Amino acid sequence: MDLLRFLLFSISFLLAVAVSPTLSSNSEVNALHALRARLSDPTNVLQSWDPTLVNPCTWFHVTCDSSNHVIRLDLGNSNVSGTLGPELGDLRRLQYLELYRNNIEGKIPKELGNLKNLVSVDLYNNNFEGEIPKSLVKLKSLRFLRLNNNRLTGSIPRELTALSDLKVFDVSNNDLCGTIPIDGPFGSFPIESFENNRRLNGPELKGLVSYDFGC
Amino acid sequence: MFAPFGKEKILCQLLLFFLVLLILLATSIASSSSSSFRVSNTAPSPSNYAFQQEAMEALLEWKASLYRHNNRDHNNSQLLLLPSWTVMAANGSNSSNPWKWEGITCNDEAAAAGGVITIINLSSMDLQGTLHDFNFSSFPDLLRLDLQNNSLFGTLPPTIANLSQLIYLNLYKNNFTGSVPVSLATLNKLTFLHLGTNQLSGPIPLEIGNLSSLTVLDLSFNFLINGSIPTTIGGLKNLVGMYISSNQMVGSIPMEIGNLTKMNSLMVSDNLLTGSIPISFGNLSKLNFMYFYSNSLSSSIPLEIGNLTNLYDLQLMNNYLTGSIPQEIGNLRSLTRLYLSKNSLSGSIPASFGNLTNLQSLQSSDNLLTGSIPASFGNLTNLQMLQLSDNLLTGSIPASFGNLTNLVRINLLQNQLSGQVPQEISNLSKLQDLQLANNHFNGYLPQHICINSASLIFFSGSNNHFIGPIPKSMRNCTNLMRFRIDKNHLTGNISEVFGVYPNLTFIDLSYNQLYGEISRNWGKCLQLTNLKMTGNKISGRIPPELGDSTQLQGLELSSNFLVGQVPREMGKLSSLLILKLNDNQLSGTVPEDVGLFSKIERLDLSMNNLRGSVPKQLGKCTYLLYLNLSNNRFNGSIPVEIGNLVSLQILLDLSGNLFTGEIPPQFGSLNKLTNLNLSHNNLSGSIPSTFSEMLSLVTIDVSYNELEGPLPDNRAFRNAPMESFIHNKGFCGNVTGLQPCISPSTKKQTPKHSHKVVILIISILAILLFLLFAFFGIFSFFRRRMRCIVEDPIANQQ
């Protein structure tokens, strides 16, 4: 009797599981759906993000290229809060990550470094904490990196001087420490890009050991 | 006093024991009138009374350990947690009666065996705590232990094996951790073992094969149990249900499982199993459920699977299975669900599938299947769901699909299917979801769709070669939510073909050859968020009624033959994010109401005949990322309020208009703008120096204007080709092809250093020259005087 009851129970449970929406076969749908789960969205900006669709290209605030891969994510000024997660690394063709002027907190996922096509990363005016991931050095196409007005700590990764396409770099209004790199594109960034970091020291002195230890 | 030893010692103890028992018996008889036994009035025999005591004490001790972990108010917990488990009876008497304790069942049928606890059932009682203080040895007669659905945690004590008579053990849905104790394998009377939905880890003990009475083994949803499925599991000859899903099992599925011929349910899904499906599984003739999905199984599906004539539900999706689908699967006459999606299966779909007349759901998407959909599918009259998307299927949809009157969902997306969709599809009165996009279908759309029933909710035929008109019967599809028919060769007049769709959210007719006018009915589709008709031959005006559909977020009517004005009523569409009306013949001015598009991100009005000034209210659209007003007849000055659009990033294009006046210096605020085109206008004056603040600018075009003066200090200008500046009044600057600037203001820009040096040199030279002349002047004056003095003395001496 118990056996029958148990079997019936497990069958109905499994039926329920099988009928409920399973993961999409599109990894970018899953990635954005996971992002949506992490974000709190009081003004329903993500209302069109329907995970049952075959790709996210008809979702608002998402732009795809001709092969239906996500190239832009435009959520600036959208009143969202919450955190970002590693799933962003699945948006392989992403070029523009626009998440500025929100209330997003937590760390900047190191998986962003996997997005080789990134041209613009705008995370400014949020509540991001933790360090600037060194993995960003892999973003060879990066032109715009605006992380200002957050609560980022740690030093500016020296490796970023290798990003020769970097035109705009703004880390002002954070809690960074160490010294300001001067190599590569960093030679042309105005001092305003670094201001209001209490423990960030002036441009690094060449030929001397960098002061980033203990930072 | 001498220490008693040996026999005397035992004798003393026995005497003492019986004395205590007598006293206890006396007191219990005295109060037995108030206590009641469940079945008979037989007083418990003395020996079992002691066991009963022991058991009670063990239970109380365990209950006390639960207190420590309960987060309820300790004062109240006495009342709330197992309140009946008390030594004091309700009336205050001293008798304790485990017969009345909740969850405790005793067996007192056999007087000789007496009352012993046989069942402990504490399921769903919100218990928190561990089993570490549970004295299992106090329950030698326990038959059933059910602790399912609590919050118990900690490891499973190996002493649980002291429950030597245990038949049923259910610890489902708790938080137990650690390994499955090997000692469990000694419970050789166990028929039911459920440890699922915990956090158990470690391997399944090999010894599990000793539990020869076991009918149900459930270790599923622990997510951490690892190692291989032991081959000894083949010893569980009575096993009916094996559930190991959602763990981290590795290795192959043991072929010994094929010996378990009583097996009814075999679920090992969501693990890391590799290897092939054993051929021996063909012996499991009673199998109803076979879930192997989400593993790393490889090789082909064995044809022996075709022997499983009792199989209801076969789920093999999300593995690495290869080869063809065996046609023997057509023998599985009991099959209701067949899920093979997300593998690498190749070859054709066997025609024998037509024999699966009980089939309700067939999913084989995301494979490498080729060939046609068999016509025999027409026999699958119970079929509700058919999903074959993302394969390489060719040929047409069989006409026999018209027989599949129970079909609710057809998903054939992303194949190479061709031919005309059978008109019989229109007869499927339960059809809600029809997905045909990304194939090579041609011919007409089903012309009688929705005539019999308005069941259709989702339709996508995008990216095919459909011709002909949109079916007139579409007016009846009143439950429609999403309709996509973009990228086809549809023709016909759409003015009257669409009805009112109260649930419609998304419709895309783009890139066809549709003509006629935009229906006013769209204004009555109050859930509409997306309306796209780009790239057709639609004419007439934009109906003002569109403004009633206030949920509209995306409106794209580009590349048509629309005339007339942009209706003011569109200002009601305050949710608009994307508005594209470019490449039409719209005329008149842009209404001030454009400022009401407070959330708009992309606005494209280019390539029309719009005139007048650009309303300054446009400056309120501060979320704009993309603004294109090019190729119109806008005149007047560029409003300075455009400088408020600080989110502009992708493009600001005002080219090809009749703008006059100067470029507003407020453009300097657009520090995220990457592409700016102001070419082909009548702009005058110089480019504001504030352009140096447009740090993100990558491309710039100011050609064909009346501009002059210096180029701003901006890298985009320095890198721009000559074509970006040609046909202006007179730019200057340090860029190749331009004259260097000579006006005073430019001097400030050239480095002062070299000028200083020049001035210094000139002044030094001047001073030197002056000194030289002065020196010569004085020298020659004195020299003349000296000559005079020398000459005179000679004259004076004669």
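Residues numbered from 1 in each chain as written. Chains lettered and ligands numbered in written order. Predicted model: local features only at pLDDT ≥ 70, side-chain atom pairs only at ≥ 80, totals over all residues. Heavy atoms only, no water.

1. Observations concerning the pairing of strand β39 (residues 633-637) of chain B
Phase 1 of the analysis: In the sheet, strand β37 (residues 611-612) of chain B pairs with β39 of chain B via two bridges, with the strands oriented parallel. The partner of Arg611 of chain B across the bridge, within β39 of chain B, is Arg633 of chain B. (Pairing = 2+ DSSP bridges. Helix = DSSP H or I, 4+ residues; strand = E, 2+ residues; numbered from the N terminus.)

2. Overview of the interface of chain B and chain A
Put simply, an interface is often sized by how much accessible area is lost when its parts join up.
Phase 1 of the analysis: Facing the 44 residues of chain B at the interface are 36 residues of chain A.
Phase 2 of the analysis: A buried area of about 3200 Å², summed over both sides, lies between chain B and chain A, and 58% of it is on carbon and sulfur atoms.
Phase 3 of the analysis: Taken as a group, Gln649, Lys672 and Arg715 of chain B account for 15% of the area that chain B buries against chain A, more than any other trio of residues on that side.
Phase 4 of the analysis: Scanning the region where chain B abuts chain A turns up three salt bridges.
Phase 5 of the analysis: Remark: the boundary between chain B and chain A carries eleven residue pairs in polar contact (both at pLDDT 80 or more).
Phase 6 of the analysis: Counting only elements with at least two residues in the side of chain B that touches chain A, the list comes to β8 (192-194), β10 (216-218), β14 (265-267), β15 (289-291) and β26 (482-484) of chain B.
Phase 7 of the analysis: Here the side of chain B that touches chain A is built from residues that sort into 20 nonpolar, 13 polar and eleven charged. (Contact = heavy atoms within 4.5 Å. Buried area = accessible area lost by both parts, 1.4 Å probe. Salt bridge = Lys/Arg side-chain N within 4 Å of Asp/Glu carboxyl O. Polar contact = N/O pair within 3.5 Å; in protein donor to acceptor, adjacent residues only side chain to side chain. Nonpolar A, V, L, I, M, F, W, Y, C, P; charged D, E, K, R; others polar.)

3. Digging into the sheet that holds strand β9 (residues 144-146) of chain A
All names here are of chain A.
Phase 1 of the analysis: Strand order in the open sheet made by the six strands is β2-β3-β5-β7-β9-β10, with mixed pairing throughout. Whereas interior strands pair on both sides, the edge strands pair on one side only; in this sheet they are β2 (62-64) and β10 (168-170). Taken over all neighbouring pairs, the strand axes of this sheet differ in orientation by 15° on average, direction set aside.
Phase 2 of the analysis: Bridging between strand β7 (residues 120-122) and β9 involves three bridges; their strand directions are parallel. If you follow Asp122 over to β9, its bridge partner there is Arg146. (Axes fitted to C-alpha atoms, helices over the stretch in contact; angles between N-to-C directions.)

4. Considering the confidence of the model for chain B
Residues and elements named next belong to chain B.
Phase 1 of the analysis: In this model, chain B carries a mean pLDDT of 88, and residues with pLDDT of at least 70 account for 84%.
Phase 2 of the analysis: Overall, residues 1-5 carries pLDDT values under 50, and its contacts beyond four positions in sequence, including any with other chains, amount to one contact.
Phase 3 of the analysis: Considering only residues more than four positions removed or in separate chains, one finds that residues 745-750, a stretch of pLDDT under 50, has four contacts.
Phase 4 of the analysis: Taken over the whole predicted complex, pTM reads 0.81, whereas the ipTM for its chain interfaces reads 0.88. (pLDDT = per-residue confidence, 0-100.)

5. A word on the side chain of Ser549 of chain B
Phase 1 of the analysis: Summarising the element assignment, Ser549 of chain B is placed in the loop between β31 (537-541) and β32 (554-556).
Phase 2 of the analysis: Apart from residues lying up to four places away in sequence, Ser549 of chain B is in contact with Trp522, Gly523, Cys525, Leu528 and Leu573 of chain B.

6. Some remarks on the side chain of Gln649 of chain B
Phase 1 of the analysis: Along the chain, the position of Gln649 of chain B falls in the loop between β39 and β40 (651-653).
Phase 2 of the analysis: The residues touching Gln649 of chain B, leaving out its near neighbours within four places in the chain, are Arg72, Asp74, Tyr96, Glu98, Ser120, Asp122 and Arg146 of chain A together with Leu625, Lys672, Leu673, Thr674 and Asn675 of chain B.

7. Here we look at helix α2 (residues 27-38) of chain A
All names here are of chain A.
Phase 1 of the analysis: Its twelve residues give α2 an end-to-end C-alpha distance of 17 Å, which sits within 8% of 16 Å, the value for a rise of 1.5 Å per residue.
Phase 2 of the analysis: What α2 keeps buried is the set Glu28, Val29, Ala31, Leu32 and Leu35. Burial along α2 is one-sided: seen end-on, the buried residues are contained in an arc of 165°.
Phase 3 of the analysis: Looking at the packing, one finds that the buried side of α2 touches β1 (39-40), β2, β3 (70-74) and β4 (81-83).
Phase 4 of the analysis: Where α2 begins, one side-chain oxygen reaches toward the backbone nitrogen of Glu28, 2.7 Å away; that side chain belongs to Asn26. (Expected span 1.5 Å × (residues − 1). Buried < 20%, exposed > 50% of the residue type's maximum accessible area, 1.4 Å probe, protein only. Arc of directions from axis to C-beta.)

8. Some points on the packing of aromatic side chains
Phase 1 of the analysis: Under the definition given, this model contains 26 aromatic pairs over all chains.
Phase 2 of the analysis: Taking 5.6 Å as the distance between ring centres and 20° as the angle between the ring planes, the aromatic pair formed by Phe169 of chain A and Phe189 of chain A counts as stacked. Separated by 20 residues along the polypeptide, Phe169 of chain A in strand β10 and Phe189 of chain A in the loop between β11 (174-180) and β12 (197-203) bring together distant segments of the chain. Residue Phe169 of chain A shares its accessibility class with Phe189 of chain A, and that shared class is buried.
Phase 3 of the analysis: With centroids separated by 4.5 Å and ring planes inclined at 10°, the aromatic side chains of Tyr168 of chain B and Phe192 of chain B adopt a geometry described as stacked. Taken together, the positions of Tyr168 of chain B in strand β6 (residues 168-170) and Phe192 of chain B in strand β8 put the pair 24 residues apart, joining distant regions of the chain. A single burial state applies to Tyr168 of chain B and to Phe192 of chain B, both of which are buried.
Phase 4 of the analysis: Site record: aromatic cluster; members linked through ring pairs are Phe667, Phe691, Phe717, Phe725 and Phe731 of chain B.
Phase 5 of the analysis: Over the ring of Tyr168 of chain B we find Arg144 of chain B; its NZ or CZ atom is 3.8 Å from the centre of that ring. (Phe/Tyr/Trp six-rings, centres within 6.5 Å; stacked < 30°, edge-to-face > 60°. Lys NZ or Arg CZ within 6 Å of the ring centre and 35° of its normal.)

9. Describing the environment of Gly202 of chain B
All names here are of chain B.
Phase 1 of the analysis: By the element assignment, Gly202 lies in strand β9 (residues 199-203).
Phase 2 of the analysis: Owing to a relative accessible area of 15%, Gly202 belongs among the buried residues under this scheme.
Phase 3 of the analysis: Remark: the alpha-carbon pair of Gly202 and Ser179, spanning 23 residues in sequence, is separated by 5.0 Å.
Phase 4 of the analysis: When neighbours within four sequence positions are excluded, Gly202 is seen to be in contact with Ser179, Leu224, Ile225 and Asn226.

10. Section: a nonpolar patch on the surface
Phase 1 of the analysis: On the surface, a cluster of nonpolar side chains totalling about 820 Å² of accessible area is made up of Leu760, Ile761, Ile764, Leu765, Ile767, Leu768, Phe770 and Leu771 of chain B.
Phase 2 of the analysis: Judged by its relative accessible area of 49%, Leu768 of chain B falls in the partly exposed class. (Patch = residues over 30% accessible without salt bridge, like charges linked within 9 Å, V, L, I, M, F, W, Y side chains within 5 Å. Areas by Shrake-Rupley, 256 points an atom, 1.4 Å probe, with all protein chains shown as cover.)

11. Examining the pairing of strand β1 (residues 104-107) of chain B
Residues and elements named next belong to chain B.
Phase 1 of the analysis: Side chains Ile104 and Cys106 of β1 all project onto a buried face; the interleaved residues Thr105 and Asn107 project onto a face where none is buried.
Phase 2 of the analysis: Two strands pair when backbone bridges link them, and β1 and strand β2 (residues 116-121) are joined in this way by four bridges, in the antiparallel orientation. Across the sheet, residue Cys106 finds its bridge partner in β2, namely Ile117.

12. Examining unusual backbone geometry
Phase 1 of the analysis: A positive phi angle is found at Asn68 of chain A, which is not glycine, with a value near 65°.
Phase 2 of the analysis: Summarising the element assignment, Asn68 of chain A is placed in the loop between β2 and β3.
Phase 3 of the analysis: Despite not being glycine, Lys342 of chain B shows a phi value in the positive range, around 55°.

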